[in-house]
Amino acid sequence: VEVHDHDRREDVPCRLTIVDDQGALATLWASSEQSLAARPGVVYTRDGRARLGLLPGRYTVSATRGFEYSLDQRAVSLAVGQTKTVRLRLRREVPTPGLVSSDTHIHTVTLSGHGDAAMDERQLTLAGEGIELPIATDHDVLAYYYEPAQRMRVQDRFTPVIGCEVTTAKGHFNIF
């Protein structure tokens with residue numbers, strides 16, 4: 001799969017969703033040598049590129065990048081041993097000059113022990129969803145995503161904020 005920004009003609013971080021002909025999330029294979037966050041039917045990529053394995057069948061491949069971008073999708077049929085390239089384009093459709101997209105409550109399974117993304121995977125999900133100001137709120141630890149973002153080569157896609165979700169007898173409180 002190759003996903004490009006329609007206007008800038010460059011690769012773009014994104015979320016890929018792949019469903020079978022019944023609309024169920026597809027079982028897929030993604031090599032660990034790629035920088036991807038992959039789950040059944042869902043893949044986040046830092047640069048719009050992913051090489052995936054699927055069983056023979058009919059699928060719909062969709063690409064998105066948060067609320068500001070379009071959706072593009074293609075129907076694909078695969079036979080045994082067949083390889084296909086799916087090219088998709090996303091366009092920024094909601095202009096937001098002077099504004100930033102933020103998520104003020106972000107966890108990693110690495111530091112909080114729950115959630116669905118390890119530290120490096122979380123960086124890909126942030127870039128892929130177009131979150132420009134992510135605020136780390138892992139449990140009872142000051143978390144800062146800058147070094148993992150560098151490691152995953154998405155540090156130019158967002159500005160991480162140090163934060164912590166403090167646990168007390170009265171509940172959880174986010175501090176950043």
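Preceding this paragraph is the structure being described.
Residues numbered from 1 in each chain as written. Predicted model: local features only at pLDDT ≥ 70, side-chain atom pairs only at ≥ 80, totals over all residues. Heavy atoms only, no water.

Draft legend 1. The arrangement of the nonpolar core in detail. Ranked by internal contacts, the top residues of the largest apolar core, which has 20 residues, are V1, V3, L16, V61, L88 and L90. Those elements that place two or more of their residues in this core are β2 (14–20), β7 (57–64), β8 (72–78) and β9 (87–90). Discounting residues that sit within four places of it in the chain, L88 has contacts with V1, E2, V3, H4, V61, S62, A63, D72, Q73 and R74. One finds I131, Y145, A149 and M152 within the second-largest nonpolar core, a separate group that totals 16 residues. (Core = buried A, V, L, I, M, F, W, Y, C linked by side-chain atoms within 4.5 Å. Buried < 20%, exposed > 50% of the residue type's maximum accessible area, 1.4 Å probe, protein only. Helix = DSSP H or I, 4+ residues; strand = E, 2+ residues; numbered from the N terminus. Contact = heavy atoms within 4.5 Å.)

Draft legend 2. Looking closely at the layout of surface pockets. Within this model, the largest pocket holds a volume of roughly 490 Å³. Every residue lining the largest pocket is counted, 23 residues in all, and those nearest its centre are V1, R51, L52, T83 and K84. Within the residue set of the lining of the largest pocket, elements represented by two or more residues are β6 (52–54) and β8. A per-element tally of the lining of the largest pocket places β6 first, with 3 residues. Class assignment for the residues of the lining of the largest pocket results in 14 nonpolar, 5 polar and 4 charged. (1 Å grid on protein atoms, 1.4 Å probe; cavity = no way out; pocket = protein on both sides within 12 Å on 5 of 7 lines; lining within 4 Å. Points joined across faces, edges and corners; volume = space filled by probe spheres on them. Nonpolar A, V, L, I, M, F, W, Y, C, P; charged D, E, K, R; others polar.)

Draft legend 3. Structural detail: helix α2 (residues 119–128). When you tally the buried positions in α2, you get 8 out of 10 residues, the bulk of the element. Among all positions of α2, only M119, R122, Q123, L124, T125, L126, A127 and G128 are buried. Downstream of α2 by one or two residues, G130 has phi in the positive range, about 75°.

Draft legend 4. Focus on a nonpolar patch on the surface. Nonpolar side chains collect at one region of the surface, where L142, Y144, Y146 and I162 lie side by side and expose about 410 Å² of accessible area between them. Structurally, Y144 is set in the loop between β11 (133–136) and α3 (146–151). Residue Y144 is classed as partly exposed on the basis of its relative accessible area, which comes to 43%. (Patch = residues over 30% accessible without salt bridge, like charges linked within 9 Å, V, L, I, M, F, W, Y side chains within 5 Å. Areas by Shrake-Rupley, 256 points an atom, 1.4 Å probe, with all protein chains shown as cover. Salt bridge = Lys/Arg side-chain N within 4 Å of Asp/Glu carboxyl O.)

Draft legend 5. The sheet that holds strand β4 (residues 36–39), seen in detail. Across the sheet, 5 strands lie side by side as β4-β5-β2-β7-β8; this open sheet has antiparallel pairing. This sheet does not close on itself; its edge strands, each paired only once, are β4 and β8. On average, each strand axis in the sheet is tilted by 20° relative to the strand beside it, whichever way the strands run. Pairing analysis gives 4 bridges linking β2 to strand β5 (residues 42–45), with the strands arranged antiparallel. Following the sheet pairing, L16 is matched in β5 by V43. (Pairing = 2+ DSSP bridges. Axes fitted to C-alpha atoms, helices over the stretch in contact; angles between N-to-C directions.)

Draft legend 6. Spotlight on the side chain of S31. Tracing the backbone through its elements, the reader meets S31 in the loop between β3 (28–30) and β4. What makes S31 buried here is its relative accessible area of 18%. Of note is the side chain of S31, whose polar atom sits 3.0 Å from the backbone nitrogen of E33. (Polar contact = N/O pair within 3.5 Å; in protein donor to acceptor, adjacent residues only side chain to side chain.)

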